[in-house]
Amino acid sequence: MNERIKDIKKLESSPKVIKNLYNQEEIEEFLKLYKDLPTTVHNKKQNVIKKRWLQGYNEKLEKIFCERLKKEIGDFKMDNLQDENGKDIFGLIQESRAPIGLHVDAGFELKNQIYKQSLIPLSSVGSTVIFKNRFYEGSTSFTQDPEELKKKNLGYGQNKRSSEHLTLYGDKPFDKEIHAKYLKHENIDNLKGLEVELIYEWEVGSMLIFDRTHLHCSSSVIEGKKIGIATFTKK
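A few points on the structure. (Residues numbered from 1 in each chain as written. Predicted model: local features only at pLDDT ≥ 70, side-chain atom pairs only at ≥ 80, totals over all residues. Heavy atoms only, no water.)

Describing the pairing of strand 13 (residues 214-218)
Cut-off, in case you're wondering: Accessible area is worked out with a 1.4 Å probe on protein chains only. A residue is then buried under 20% of its type maximum, exposed over 50%, and partly exposed in between. Secondary structure elements are defined from DSSP: runs of H or I of at least 4 residues count as helices, runs of E of at least 2 residues count as strands, and each element is numbered from the N terminus. Being paired, for any two strands, means DSSP has found at least two bridges between them.
Taken across its five residues, strand 13 has five buried, putting it largely inside the fold. Residues His 214, His 216 and Ser 218 line one face of strand 13 and the alternating positions Leu 215 and Cys 217 line the opposite face, and both faces are buried. Of the strand pairs in this sheet, strand 8 (residues 127-134) and strand 13 are connected by four bridges, and their pairing is antiparallel. Bridge pairing links Ile 130 to His 216 in strand 13.

So, in structure tokens, the structure goes:
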């Protein structure tokens, strides 16, 4: 095992949910921020709108976010993508009408010591499934879809596609009840060998924090659309 992975493993921990971290007024400010930010990607196929949380749109919120995250995870550096001027962005705000599939947000620079990621729900209906299984080889979307697996010419910030997970975690069939309740959008065979660590039921005002090495995905529980902020850190 290389030194980078050893260092990452030393700081790994169980996912945690901090309840009532943001009050109603702060949530309203986040929603206003979402409205004010320019759209980065409108993926009509996935029915997802992504906006980068650019610096300078609401400095008060930036300060509140960084201070509260630091209180929970200690010192960190942002490891989100950068804007056109090379400035760090604070994260991605996503509005989705369809669930996002199995993936890991393990970064795009393999030399970085990835750390924690956070999720702040801005709408109340939704859930996120975190698996016990971990992956250390960069941001990856896990699929068996032959068309997806053909995609090699990826742009800045796009996950590589892989079916490698199917050989890594054994072939124990995935829990049928959890699949029926939360993961109908995923082929159950694509979840072979995976075990659930936490199902985070979205709650406005709370924040989920988990290691960036955890495989995870949205659940299929959506009413119309959901909005959340994802942020990524490194050491």
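Having seen the structure, we can now continue with the description.
Some words on the pairing of strand 5 (residues 92-96)
Burial analysis of strand 5 places four of its five residues in the buried class, which makes it a mostly covered element. Relative to strand 5, strand 3 (residues 48-52) runs antiparallel, the two sharing five bridges. Residue pairing for strand 5: Lys 50 is matched across the bridge by Gln 94. The pairing of strand 5 with strand 14 (residues 226-234) spans five bridges and is antiparallel. The residue of strand 14 that forms the bridge with Ser 96 is Lys 226.

Describing the nonpolar core
Under the convention used in this document: Here, nonpolar core refers to any group of buried Ala, Val, Leu, Ile, Met, Phe, Trp, Tyr and Cys residues whose side-chain atoms link them within 4.5 Å. The contact criterion used is simple: two residues touch if any of their non-hydrogen atoms lie within 4.5 Å.
The biggest cluster of nonpolar side chains holds 28 residues, and the ones touching the most others in it are Tyr 22, Phe 30 and Phe 65. Of all the elements in the fold, those that place two or more residues in this core are helix 2 (24-36), helix 3 (59-73), strand 7 (114-121), strand 12 (207-211) and strand 14. When residues in this core are grouped by element, the largest group, five residues, is from helix 3. Not counting residues within four places of it along the chain, the set of residues in contact with Tyr 22 comprises Ile 27, Phe 30, Ile 64, Phe 65, Arg 68, Ile 120, Gly 205 and Met 207. Counting residues in each nonpolar core, the second largest holds 19 residues, with Ile 8, Val 129, Phe 131 and Tyr 169 among its members.

Focus on the pattern of salt bridges
Just so we agree on the cut-off: Every case where a carboxyl oxygen of Asp or Glu lies within 4 Å of a side-chain nitrogen of Lys or Arg is listed as a salt bridge.
Per the stated rule, a full pass over the model turns up 21 salt bridges. A salt bridge links Arg 134 to Asp 211, with the shortest nitrogen-to-oxygen separation between them at 2.9 Å. Of this pair, Arg 134 sits in strand 8 while Asp 211 sits in strand 12, placing them 77 residues apart in sequence. Overall, Asp 211 belongs to the buried group, its relative accessible area being 2%. Between Arg 161 and Glu 148 there is a salt bridge, with the nearest N and O atoms lying 2.7 Å from each other.

Some remarks on the environment of His 214
Our working definition: Here a polar contact is taken to be a pair of N or O atoms separated by no more than 3.5 Å, where protein atoms must pair a possible hydrogen donor with a possible acceptor and residues adjacent in sequence count only if both atoms sit in side chains.
In this fold, His 214 is placed in strand 13. For His 214, a relative accessible area of 0% corresponds to the buried category. Expressed as a C-alpha distance, the spacing of His 214 and Glu 197, which sit 17 residues apart in the sequence, is 9.3 Å. A distance of 3.2 Å separates a polar atom in the side chain of His 214 from a polar atom in the side chain of Arg 134.

Description of helix 1 (residues 3-10)
Rules: Here the arc refers to the set of directions running from the helix axis out to each C-beta atom.
Buried within helix 1 we find Arg 4, Ile 5 and Ile 8. Axial view of helix 1: buried residues confined to an arc of 95°, hence all on one face. Facing away from the buried surface of helix 1 by more than 90 degrees, the exposed residues are Glu 3 and Lys 10. Buried residues along helix 1 sit in contact with strand 7. Its side-chain oxygen at 3.1 Å from the backbone nitrogen of Arg 4, Asn 2 defines the N-terminal cap of helix 1.

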